[in-house]
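Okay, here's what each chain looks like letter by letter:
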Amino acid sequence: MTDYVEEQRNELEALESIYPDSFTVLSENPPSFTITVTSDAGENDETVQTTLKFTYSEKYPDEAPLYEIFSQLNLEDNDVSDILKLLALQAEENLGMVMIFTLVTAVQEKLNEIVDQIKTRREEEKKQKEKEAEEAEKQLFHGTPVTIENFLSWKAKFDAELLEIKKKRMKEEEQAGKNKLSGRQLFETDHNLDTSDIQFLEDAGNNVEVDESLFQEMDDLELEDDEDDPDYNPADPESDLTD
């Protein structure tokens, strides 16, 4: 008859010796404990980590222990799901034998694999960004290659935009023409223009200013009197032309 209690006690002592810094007892009845598993450091010293919680069933190891992810660090949801599937598979394969060390070892390898995947994913993302930057630089210097298809597409768009501009301009000019009055229309519509010139002349006539200084020296002018000319003959107009 299998002594489950004895087997469980012996395994707990071994686990505490193997994982002195990460093994923690949570309860003695039923026996429950955690083991923290950390991956090896990656390229940039990044690590992933999980703390596994195990609880012995009454007939362990003939029955699988209860297990769960107690906590985790830097793991995606799909990583957590993969770890739980791995634990289920390993527990099924190791029924009848103490298996906690085997389960923890399998998770340790899985975590290292996840770190490698992170490294690979980052390298691929870096290459993709470099490729996109290179393509963008090529486009900057070379532009988009002209094909019949994209030229016709561009021309159709350009012609449509040009037509819209012409329509808008014609509409604006037509509207401006409707609002602009001819000289005759202005004269006919503005009756003030009928008397504006007359009013201007009247206003000017009533306010004419004469500069008297222009006539001050008129008396000083020596004007020849035709009658004082001995050769002047009023009956002979040409006598006034004789020197």
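Residues numbered from 1 in each chain as written. Predicted model: local features only at pLDDT ≥ 70, side-chain atom pairs only at ≥ 80, totals over all residues. Heavy atoms only, no water.

- If you look the protein up in an unreviewed UniProt entry, it shows as RWD domain-containing protein 1 from Catagonus wagneri.
- Its UniProt record, at the heading Function (unreviewed entry), says of the protein: "Protects DRG2 from proteolytic degradation."
- Here the protein is described in UniProt, under the heading Sequence similarities (unreviewed entry), as follows: "Belongs to the RWDD1/GIR2 family." (UniProt positions renumbered as here; feature names shortened; annotations may be inferred.)

### Structural notes on the pattern of salt bridges
Logical step 1: Taken as a whole and assessed by the stated rule, the structure comprises four salt bridges.
Logical step 2: Here Glu 46 and Arg 122 are joined by a salt bridge, their closest N and O atoms 2.7 Å apart. Here Glu 46 is found in the loop between strand S2 (31-38) and strand S3 (49-55), whereas its partner Arg 122 is found in helix H3 (residues 100-142), with 76 residues between them in sequence.
Logical step 3: Accessibility expressed as a relative area gives 15% for Glu 46, which makes it buried.
Logical step 4: Given a relative accessible area of 43%, Arg 122 falls into the partly exposed group. (Salt bridge = Lys/Arg side-chain N within 4 Å of Asp/Glu carboxyl O. Helix = DSSP H or I, 4+ residues; strand = E, 2+ residues; numbered from the N terminus. Buried < 20%, exposed > 50% of the residue type's maximum accessible area, 1.4 Å probe, protein only.)

### With respect to the packing of aromatic side chains
Logical step 1: Tallied over the full model, the rule gives seven aromatic pairs.
Logical step 2: Ring plane angle 35° and centroid distance 5.3 Å describe the contact between Phe 23 and Phe 33, whose orientation is recorded as tilted. In this pair, Phe 23 sits in strand S1 (residues 23-28) while Phe 33 sits in strand S2, placing the two residues ten residues apart along the sequence.
Logical step 3: Take Phe 33: its relative accessible area is 0%, and that puts it in the buried class.
Logical step 4: Ring geometry for Phe 33 versus Tyr 56: centroids 5.6 Å apart, planes at 70°, classification edge-to-face. Note that Phe 33 is positioned in strand S2 and Tyr 56 in the loop between S3 and strand S4 (66-73), a separation of 23 residues in sequence. (Phe/Tyr/Trp six-rings, centres within 6.5 Å; stacked < 30°, edge-to-face > 60°.)

### Re the sheet that holds S4
Logical step 1: Pairing is antiparallel in the open sheet, where four strands are placed in the order S1-S2-S3-S4. Edge positions in the sheet fall to S1 and S4, since each of these pairs with one other strand and no more. The sheet shows a mean angle of 20° between the axes of neighbouring strands, direction not considered.
Logical step 2: The pairing of S2 with S3 spans seven bridges and is antiparallel. In the strand pairing of S3, Thr 34 is matched with Lys 53.
Logical step 3: Strand contacts of helix H1 (residues 4-18): S1 and S2, with the helix running at about 30° to S2, the strand carrying the most contacts.
Logical step 4: Contacts between helix H2 (residues 77-93) and the sheet are confined to S3 and S4, with S4 contributing the most and set at about 150° to the helix. (Pairing = 2+ DSSP bridges. Axes fitted to C-alpha atoms, helices over the stretch in contact; angles between N-to-C directions. Contact = heavy atoms within 4.5 Å.)

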